[in-house]
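Now for the letters of each chain:
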Amino acid sequence: MTDTLSAPAAPSFEGSAPASAPIAQERHIVTAIPGPASQALHERRLAVVSAGVGTALPVYIDRAHDAIVVDVDGNHFIDLGGGIGVMGVGHTNDAVVAAVQEQVAKVTHTLFTVTPYEPYVRVAELLVQHTPGDHAKKVVLVNSGAEALENAVKIARKHTGRAGVAVLDHGYHGRTNLTMAMNFKAMPYNLGFGPFASNIYHAPSSYPFHDGLSGAEAAKRTISYLEKRVGAADLACLVAEPVQGEGGFIVPAEGYLVALQEWCTANGVVFIADEVQSGVARTGAYYASEHFGLVPDMITTAKGIAGGMVLAGVVGRAEIMDSSHAGGLGGTYGGNPVACAAAIAVFEQIEQRDLLGQAKRIESVLKPLLLELQAKHPSIGDVRGMGAMLAIEFVDPETHEPDAAIVSRAVAAAAQQGVLLLSAGTYGNVIRFLPALTISDELLREAVGVLDAALSA
Ligand SMILES: *Cc1c(COP(=O)(O)O)cnc(C)c1O
């Protein structure tokens, strides 16, 4: 690892090392989990941080590189969550760090709508280039996935002059008022936080493992529901995640999404692919829409786009994206120059290190390991996903009833052994894998071995 960081004085945690110390790509546990320094930080946190901000694991991270995160007690964890799919290029990717360092010393903020700068334009060019379809496209950059969804819906409404927004069961779109209304799951996202935005219509989706429907059957059910319940003429847009993220990495049945897009196109409904989780090389394509033959009218992107810096965007058909009057879109920090510099480095890394190929490699290594795991543990009902976006769903082998308890136990036990796993799923019964696209085969094998032992215990 070449590291150009000049470290500030190290904070006085037990396991803390200067930021310039190399981080071995190894799992290494030296204390109980959480360790004493994490426990002390957690007490400070509980006194001052809102209880509404949850904690999956009270292990405080000091530094990280590639697929390994190191906590304040010096424990090295294999990170299979990547901050929920954000760290596709790996933690502290050298090129991203260098790009951020260079930009932060040049200019950190002017507000693009006041006095613009080149990196925003470059990111827009890259998004236009790497999203499906050869049509004219335009972009707006914002700060978070939820904000991207807010803008996509806003633009679709302005373009169509219609109010209705269709979303799918098991979908997740964010924590702002509009996006809460678009989420499927009330707990923990929505409960008690209303009133919610109106004109949002939740339609049945495709969940092959549970509904057994073909793509055509599921699409017919979705479309007929929307036609009866709303009427296409009142719909501005339909928002769908090509692979549903929080819902449990649900890959819809073949032909489902294309049928929805065709119906949208025939009825003047803007088809929006929410690729906040599935985008930016995660599934082995720049955007997962490609796998399904989709050419969305708009795509929302965030998470993996800027190597952990704060950036999100909407890219869409030029005539739709231009439907807002000047000044209608934007925000103080949207398309911040430092975040844009990081995103440009991420796109360069995708090319230089063949991260699309790496995502496919991860699928070819991890999926067979997960299928082996399924053969050993009958509670694993389904192994699914694409590229480096894979998941296993736990059910009662006889009844197919979701089994969330086994997931919480396995995730907790794996953390004790130095493997960070994320749960997911409408029923909390899914373990999802979102590793750095650069993770080695060895670390993947080792992590699945730890999970195997956790499930056997
Ligand atoms: C995470 C996520 C969002 C929300 O993104 P934030 O940056 O957390 O606001 C929206 N849609 C999908 C599919 C996501 O996975």
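It should be emphasised that the depicted structure is a prediction, and the values quoted were computed from it without experimental measurement.

1. Quick look at the domain arrangement of the protein chain
- Taken domain by domain, the protein chain consists of domain 1 (36-92 + 355-456) and domain 2 (98-352).
- Computed over C-alpha atoms, the centres of domain 1 and domain 2 are 25 Å apart.
- When the two sides are added together, the surface that domain 1 and domain 2 hide from each other amounts to roughly 2,800 Å², 65% of it contributed by carbon and sulfur.
- It is Met 386, Met 389 and Thr 426 that lose the most area in domain 1 upon contact with domain 2, and together they represent 26% of the buried surface on that side.

2. A word on the environment of Gly 85
- Relative to the helices and strands, Gly 85 resides in helix α2 (residues 82-85).
- Spatially, the C-alpha atom of Gly 85 lies 7.8 Å from that of Arg 282, the residues being 197 residues apart in sequence.
- Those residues in contact with Gly 85 that sit more than four places away from it in its chain are Arg 282, Lys 303, Gly 304 and Leu 434.

3. Points about the site of the ligand
- The full set of residues close to the ligand is Ser 144, Gly 145, Ala 146, Tyr 172, His 173, Gly 174, Glu 241, Asp 274, Val 276, Gln 277 and Lys 303.
- Tyr 172 is positioned such that a nitrogen or oxygen atom in its backbone is 3.3 Å from a nitrogen atom of the ligand.
- The side chain of Asp 274 places a nitrogen or oxygen atom 2.7 Å from a nitrogen atom of the ligand.
- Against a free-state accessible area of 380 Å², the protein chains account for coverage of 82% of the ligand.
- Of the residues contributing to the shell around the ligand, the split by class is three nonpolar, five polar and three charged.

4. A closer look at helix α9 (residues 256-266)
- For α9, the full list of buried residues reads Tyr 256, Leu 257, Leu 260, Gln 261, Trp 263 and Cys 264. Projected down its long axis, α9 carries its buried residues within an arc of 160°, all on one side. Those residues of α9 that are exposed and aimed more than 90 degrees away from the buried face are Glu 262, Thr 265 and Ala 266.
- Tucked into the core, α9 has its buried residues touching β5 (164-168), α8 (215-229), β7 (235-240) and β8 (270-274).
- Gly 268 lies just past α9 and shows a positive phi near 70°.

5. Things to note about the nonpolar core
- The biggest cluster of nonpolar side chains holds 97 residues, and the ones touching the most others in it are Met 298, Ile 392 and Ile 431.
- Among the elements that take part in this core, helix α11 (residues 337-352) stands out by supplying ten residues, more than any other.
- Counting residues domain by domain, this core receives three or more from each of domain 1 (36-92 + 355-456) and domain 2 (98-352).
- For Met 298, the contacting residues outside a window of four places in its chain are Ala 152, Ile 155, Ala 156, Val 270, Phe 271, Ile 272, Ala 273, Val 314, Val 315, Gly 316, Ile 320 and Met 321.

6. Examining the pairing of β5
- Counting buried positions along β5 yields five of five residues, so the element is predominantly enclosed.
- Of the pairings in the sheet, the one linking β5 to β7 comprises four bridges and is parallel in character. The residue of β7 that forms the bridge with Val 167 is Val 239.
- For β5 and strand β6 (residues 200-203), the ladder comprises four bridges, and the chain directions are parallel. Bridging from a neighbouring strand, Ala 166 pairs with Tyr 201 of β6.
- Handedness of the crossover is the feature at issue here: the chain leaves β5, passes through helix α6 (residues 177-182), returns alongside β6, and the resulting connection is right-handed.

7. Focus on the packing of helix α13 (residues 404-416) against helix α14 (residues 441-456)
- Here α13 crosses α14 at 125°, and the two axes come no closer than 9 Å. Taken together, the axes of α13 and α14 lie oblique to each other. At the point where α13 passes α14, the crossing takes the right-handed sense. Facing α13, whose interface residues are Ile 406, Ala 410, Ala 413 and Ala 414, α14 presents Val 450, Leu 451, Ala 454 and Leu 455.
- Class assignment for the residues of the contact of α13 with α14 results in eight nonpolar, no polar and no charged.

8. Quick notes on the pairing of strand β10 (residues 312-317)
- Burial analysis of β10 places five of its six residues in the buried class, which makes it a mostly covered element.
- As paired strands, strand β4 (residues 137-142) and β10 are joined by six bridges and run antiparallel to one another. In the strand pairing of β10, Val 142 is matched with Ala 312.

The rules behind these values
- Residues numbered from 1 in each chain as written.
- Predicted model: local features only at pLDDT ≥ 70, side-chain atom pairs only at ≥ 80, totals over all residues.
- Heavy atoms only, no water.
- Domains from an automatic or database assignment.
- Buried area = accessible area lost by both parts, 1.4 Å probe.
- Helix = DSSP H or I, 4+ residues; strand = E, 2+ residues; numbered from the N terminus.
- Contact = heavy atoms within 4.5 Å.
- Near = heavy atom within 4 Å.
- Polar contact = N/O pair within 3.5 Å; in protein donor to acceptor, adjacent residues only side chain to side chain.
- Areas by Shrake-Rupley, 256 points an atom, 1.4 Å probe, with all protein chains shown as cover.
- Nonpolar A, V, L, I, M, F, W, Y, C, P; charged D, E, K, R; others polar.
- Buried < 20%, exposed > 50% of the residue type's maximum accessible area, 1.4 Å probe, protein only.
- Arc of directions from axis to C-beta.
- Core = buried A, V, L, I, M, F, W, Y, C linked by side-chain atoms within 4.5 Å.
- Pairing = 2+ DSSP bridges.
- Right-handed = clockwise from strand over helix to strand, strands pointing away.
- Axes fitted to C-alpha atoms, helices over the stretch in contact; angles between N-to-C directions.
- Parallel < 35°, antiparallel > 145°, perpendicular 65-115°, else oblique.
- Left-handed = near helix turned anticlockwise from the far one by under 90°.

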